[in-house]
Each structure stands twice: as C-alpha cells, then as structure tokens.
Amino acid sequence: MSGFEPKIVTFLCNWCSYEGADKSGNAHLESPANILPIKVMCSGRVEPQFVLEALKNGADGVLILGCHPGDCHYKEGNYKTLRRQIILEQFLEEMSINPQRVRLDWVSAGEGEKYAEVTKEMTERVKELGPFKAYELKQKENASV
Amino acid sequence: MKETESQAKPKVALYWAASCGGCECTVVDIGEPILDIASKVEFVLWPVALDFKYHHIEAMEDKSIDLCLFNGAIRSTEQEHMAKLLRAKSKILVAFGSCAHLGGIPGLSNFSTKEATLNTVYKEVDTVKGEAEKKEPKLKKKVAEGELNLPKLYNRVYRLKDIVEVDYTVPGCPPTSKDVVKFLTAVLEGNLPPHGSIFGLKKNLCEECHLERKEKAIKTFYRPYEKRPLPDECLLDQGFLCMGPVTRAGCEAMCVKANMPCRGCYGPTDEIKDQGAAYISAIGSAIDSNDENEIKEIIAKIPDIAGTVYRFGLPSFSVLDKAGKQEEDNHE
C-alpha cells in the first residue's frame, strides 16, 4: 500500500483536544498531514451519524479526541461518546466495516506529545488498512473461501 | 387530477415486488370506505386481486396511469423491469410501505451474500440436504414446450428510489389503513403535499406516544419476552429497545399500545440522515454507566445491534447509499 495517503477526519473537543493539538503545533512536534481537524464543542457532540457521514464522503478513518474521563467541561459528554463508541464499533463490524477505522482517544490541553503520537499511530493504522470500501470485511471473507 | 375526474375515472395500479403481501392486505383492510374509493377509480393492475397482465400495461401510453402504489423492495430483474415500466406509465409513483421506502424486512438479506442465501435455501437446510445436485438453482430450463426463463437475482436488495424516481412515500409495515384512506383521498381531491413528501408526521414517535418519559438511566436491556412492562412508563426507560426516538410518527404508536416496543417501520424523520446511527447515539446517551467493562456488559444484552437498528432499513444504510451503489450488479 505504498503511496496511499489516507484521509482521516478528526473531531477535536474545544476544551482539551483542540488545545492539545495547538500545543503540539506550538512545540513544533510533527503530526501527519492526513489529519483533517474539525473542532466541536465536546466529543459528546460527535454522533455516530457524523462518523458514517465522513466515511460515506471519502474519509478512510475517523479519529475522535476528547477530554480524559472525569475532565469533561460538560461533566459527562465524553462518557456518552465512550458508550456510543463501544456500540458503534460492534455495529461497524456487523456492517462489514473494519471498526479499526474509528478510534476514540483522550488528549488533554497539556498533552501536545500525545496528540502527535495518536495522530501518527492512527495514520499508520489506516495506511495499513488501505482505502475505505463498503463491504470490506465481507469481501475478505469471500476471498478466503 | 380534478380535470380527469369529470371525464373519466382516474386509473390506479397496485404492484408488489419483494414483499410479503401485507401492504395489499392493508388496502383491502380499509373496509367499507374502499367501496367508495373503488367507485371513483379504475384499477388497471392489481396482481393480488384482479386479473390483469403485464402486456396490458405495456400497451398503455406513457403517463396514462394516474396513480401507482408500488410496494416491495427490488431484488430481481423482473422487479426492476416492472418498477421502470410502471414509472414510465404512471403520473404519480408511490413507494408504498417499508420495503419500497427503506428496503424493509427483505432488505435484511443484505447482511448476507446472494450465494450464501441460495446455498442456505437450496443446499444447506436439513430438509434439502443430499439433494444438492437436483436443487442447483438455474435461470433456464428446457421443457417440451420450449425454454422457460426465470428472472435473475441481484446481489443486493434495493429500495424503489434506488431504481426509479419516486413521487411520494407512504411509510409503514404495513401503512395503516387510516393513512391509506387519507392518502387516496388527498390524491382524489388533488390535495397532495409537496412533491417528494413522506406521508407521515414530521415529529418523532415519542411525541405522539401516550407513555410517560422520565430521565433515562438504563442498567440492562430486556427483550419483550423477558419482562412484563410497567404500564404508563416509557418502554425505553424500562430497558426495552424502542425505536421511537428516531422513528417518524403517524402510526399513533399502535405497537407501543400493545406493549411492544417500536421497531422503526416508519423510517427516520426528515432531520435524521441515518436511522440506525441516530439510534446508537440515543441508546449511548441512555445507558447509565461510565465504566468501560460495565458498558460492554450492558451492550452484550442487545442480541443483534445492526439487525435491531436496521430491522426495516438495511438497504438505506447511509454509507452504502452511495459507495455501495452496486458495482457488481449490472442493472439493465
């Protein structure tokens, strides 16, 4: 899959992760250009519909970054995201979409380094998975038969 | 349609594709008002009730049928052919019922491949085992009188609007007789909503439901047979997977009135792009736990997430809406 540059739509919460991304930039840490950042007020704003909409419109992966559990500006927005993520991962697998394409992680305002790390890891992961295609898991199944 | 009324009765066609026949029953189920409606229209095609042939329709001029109620999803070349034929001959083409609207129950076979479905039916079920050779499905067969042809199955199930342009949608599995009367009356009186409308209410089912809603804090999910629901209390609050929050209103919550959680047959409201994903969002908010392992345990109580949230709408799964438009299937 050399030469494949994935598009990774990244939702950043206003209070922690966006600041974290900012911090990473201020510190001149390198993060991949594959990341397409979208600022939202809270990771709890990121509905599963947004994730599907991103995949539908050409994203190869979706990264959701929010405040660490317990640190949410709105008390429990990120817990809602966590619950949705757990259901969404199982749902995606049943829908023949690799759940590895959607990742939820926590980045606080001070964790510039973690931001660089997570985005790098995610980019590597999606590069390995290759471009997003509908029915990807089912096709694999059929091929192995 | 008013102008035609004075000269001749409006022509009406009813057709079924991949469906169970429930939508036909709902038309008959109207009861006495159907006599009144029947006296005002002329049926030109209604395979379940009247003996008209396809060539009668083929012989008609384009746009000469005033109204066509089309129920059922599209799975075969024959169904696609009829959808296109009726589209050409009809002034108003209506996606009638959940299968034509969203893909419906037949759409659930999109979880599987065509080959797997055919293998199950013709080779793997206990009752046909050992007869695999004889049961090989074929599209052609030579008989004494000549060659018989069967329509080809597509790899996937499609909604009517994936194949042809749809003018109106009457949702429901099946649509309620009340809605059917309302819709037919609107057509006869020339009093139709804007083109493309879905003939239900704009709000979601919870807003028309009689049960009382409180704060949602779900610790465990129940299937309807596991527990008798408390009266007067929201079913989702009690842990039954009710699709009310993401489903269009219009049915007057008839399932909920019978203590069955809503299954979502009216499809999503106008604001929702993806009914299943919206429902995942709703139950994600309603679960009462912040611990990852506990959340996983609670979710494990849902037997089949994708099948539950897409019981009626798998072919309308938004990611495949565009991306999956069906590389493998060569439509005519």
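These numbers come from a predicted model, not from an experiment.

**With respect to the overall build of chain B**
- Helix and strand counts for chain B come out as 15 helices and nine strands.
- Expected size for 332 residues packed as a compact globule is a radius of gyration near 20 Å; at 22 Å, chain B falls within 12% of this value.
- A buried classification covers 42% of the 332 residues belonging to chain B.
- Excluding contacts between residues fewer than 6 apart, the proportion of contacts in chain B whose partners are at least 24 apart in sequence is 74%.

**With respect to the interface of chain A and chain B**
- With 24 residues of chain A in contact, the opposing surface of chain B contributes 26 residues.
- If you list the elements that add at least two residues to the side of chain A that touches chain B, you get α2 (48-56), α3 (77-94) and α5 (136-144) of chain A.
- Looking at the side of chain A that touches chain B element by element, the count peaks at 11 residues for α3(A).
- Among the residues forming the side of chain A that touches chain B, the class breakdown is 13 nonpolar, three polar and eight charged.

**So, the packing of α2(A) against helix α12 (residues 275-286) of chain B**
- Across the interface, α2(A) lies against α12(B) with an axial gap of 7 Å and an inter-helix angle of 145°. In this structure, α2(A) uses A:P48, A:Q49 and A:L52 to contact α12(B), whose residues at the interface are B:A277, B:A278, B:I280 and B:S281.
- Considered class by class, the residues forming the contact of α2(A) with α12(B) number five nonpolar, two polar and no charged.

**Concerning the packing of helix α1 (residues 17-26) of chain A against helix α4 (residues 112-129) of chain A**
Residue and element names in this part refer to chain A.
- As a packed pair, α1 and α4 sit with axes 7 Å apart at the nearest point and diverge in direction by 95°. Relative to α4, the element α1 lies roughly perpendicular. Together, G20, A21, K23 and S24 of α1 and G112, E113, K114, Y115 and A116 of α4 make up the contact between the two elements.

**Section: the sheet that holds strand β1 (residues 11-16) of chain B**
All names here are of chain B.
- Across the sheet, which stays open at both edges, the five strands sit in the order β2-β1-β3-β5-β9 with parallel pairing between neighbours. Looking at the sheet topology across the chains shown, the edges are occupied by β2 (42-45) and β9 (168-170). Sheet twist, expressed as the average angle between the axes of neighbouring strands with direction ignored, equals 30°.
- Lying on the sheet, helix α5 (residues 77-89) is in contact with β1, β3 (65-71) and β5 (90-96); it crosses β5 at an angle near 135°.

**A short note on unusual backbone geometry**
- Cis peptide bonds are those with omega within 30 degrees of zero, and the linkage from B:C173 to B:P174 qualifies with -10°.
- Secondary-structure assignment places B:P174 in the loop between β9 and α10 (177-188).
- The backbone phi angle of A:K75 is positive, close to 70°, even though this residue is not glycine.
- Within the element layout of this structure, A:K75 appears in the loop between β3 (61-66) and α3.
- Residue classification places A:K75 among the exposed positions, given that 11 C-beta atoms sit within 10 Å.
- Positive phi, normally seen in glycine, also occurs at B:D232, with a value near 65°.
- Inspection of the secondary structure assignment puts B:D232 in the loop between α10 and α11 (254-257).

**A short note on the pairing of strand β7 (residues 146-149) of chain B**
Residues and elements named next belong to chain B.
- Two elements, strand β6 (residues 140-143) and β7, share four bridges in a ladder whose sense is antiparallel. Residue pairing across strands places V143 opposite G146, the latter belonging to β7.
- If you look at the hairpin formed by β6 and β7, you'll find two residues sitting between the two strands.

**Considerations on the sheet that holds strand β2 (residues 35-40) of chain A**
Residue and element names in this part refer to chain A.
- Here we have four strands laid out as an open sheet, ordered β2-β1-β3-β4, and parallel in their pairing. A single partner strand is all that each edge strand has here, and the edge strands are β2 and β4 (102-106). Direction aside, neighbouring strands of the sheet carry axes that sit 20° apart on average.
- Relative to β4, β3 runs parallel, the two sharing five bridges. Considered in β4, the bridge of I64 is made with L104.

**Details of α10(B)**
All names here are of chain B.
- With 12 residues, α10 should cover 16 Å at 1.5 Å per step; its first-to-last C-alpha distance of 16 Å lies within 8% of that length.
- Taken together, the buried positions of α10 are D179, V180, F183, L184 and V187. The buried residues of α10 occupy an angular sector of 130° when projected down its axis, which confines them to one face.
- Those residues of α10 that are buried are in contact with α2 (22-28), α3 (33-40), β3, β5 and β9.
- The positive-phi residue at the C-terminal boundary of α10 is G190, with phi of around 65°.

**Here we look at the domain arrangement of chain B**
Residue and element names in this part refer to chain B.
- On domain assignment, one finds that chain B holds domain 1 (2-105 + 155-188), domain 2 (112-153) and domain 3 (205-318).
- Between the C-alpha centres of domain 1 and domain 2 the distance comes to 30 Å.
- Sorting the residues of the side of domain 1 that touches domain 2 by element identifies β4 (74-76) and α5 as the ones contributing at least two each.
- Of the residues in the side of domain 1 that touches domain 2, the class split is no nonpolar, three polar and two charged.

**Details of the pairing of strand β1 (residues 8-13) of chain A**
Residue and element names in this part refer to chain A.
- The buried fraction of β1 is high, at six of six residues.
- Burial along β1 is two-sided: the residues I8, T10 and L12 and V9, F11 and C13 are all buried.
- Where β1 meets β3, five bridges bridge the pair, whose relative direction is parallel. Residue pairing in the sheet places L12 in a bridge with L65 of β3.
- With respect to chirality, the unit in which β1 leads through α1 into the neighbouring parallel β2 is right-handed.

**Some details on the confidence of the model for chain B**
- Overall, the prediction assigns chain B a mean pLDDT of 88, with 92% of residues at 70 or greater.
- The model gives residues 1-6 of chain B a pLDDT under 50, and that stretch makes nine contacts with residues more than four places away or in other chains.

**Quick look at the environment of B:S289**
Residue and element names in this part refer to chain B.
- Note that S289 resides in the loop between α12 and α13 (292-299).
- Sequence separation between S289 and I218 is 71 residues; the distance between their C-alpha atoms is 8.3 Å.
- Not counting residues up to four positions away in its chain, the partners in contact with S289 are E294, I295 and I298.

Rules of the game
- Residues numbered from 1 in each chain as written.
- Chains lettered and ligands numbered in written order.
- Predicted model: local features only at pLDDT ≥ 70, side-chain atom pairs only at ≥ 80, totals over all residues.
- Helix = DSSP H or I, 4+ residues; strand = E, 2+ residues; numbered from the N terminus.
- Rg over C-alpha atoms; globule rule 2.2 N^0.38 Å.
- Buried ≥ 20, exposed ≤ 12 C-beta atoms within 10 Å, placed from the backbone.
- Contact = placed C-beta atoms within 7 Å.
- Nonpolar A, V, L, I, M, F, W, Y, C, P; charged D, E, K, R; others polar.
- Axes fitted to C-alpha atoms, helices over the stretch in contact; angles between N-to-C directions.
- Parallel < 35°, antiparallel > 145°, perpendicular 65-115°, else oblique.
- Pairing = 2+ DSSP bridges.
- Expected span 1.5 Å × (residues − 1).
- Arc of directions from axis to C-beta.
- Domains from an automatic or database assignment.
- Right-handed = clockwise from strand over helix to strand, strands pointing away.
- pLDDT = per-residue confidence, 0-100.

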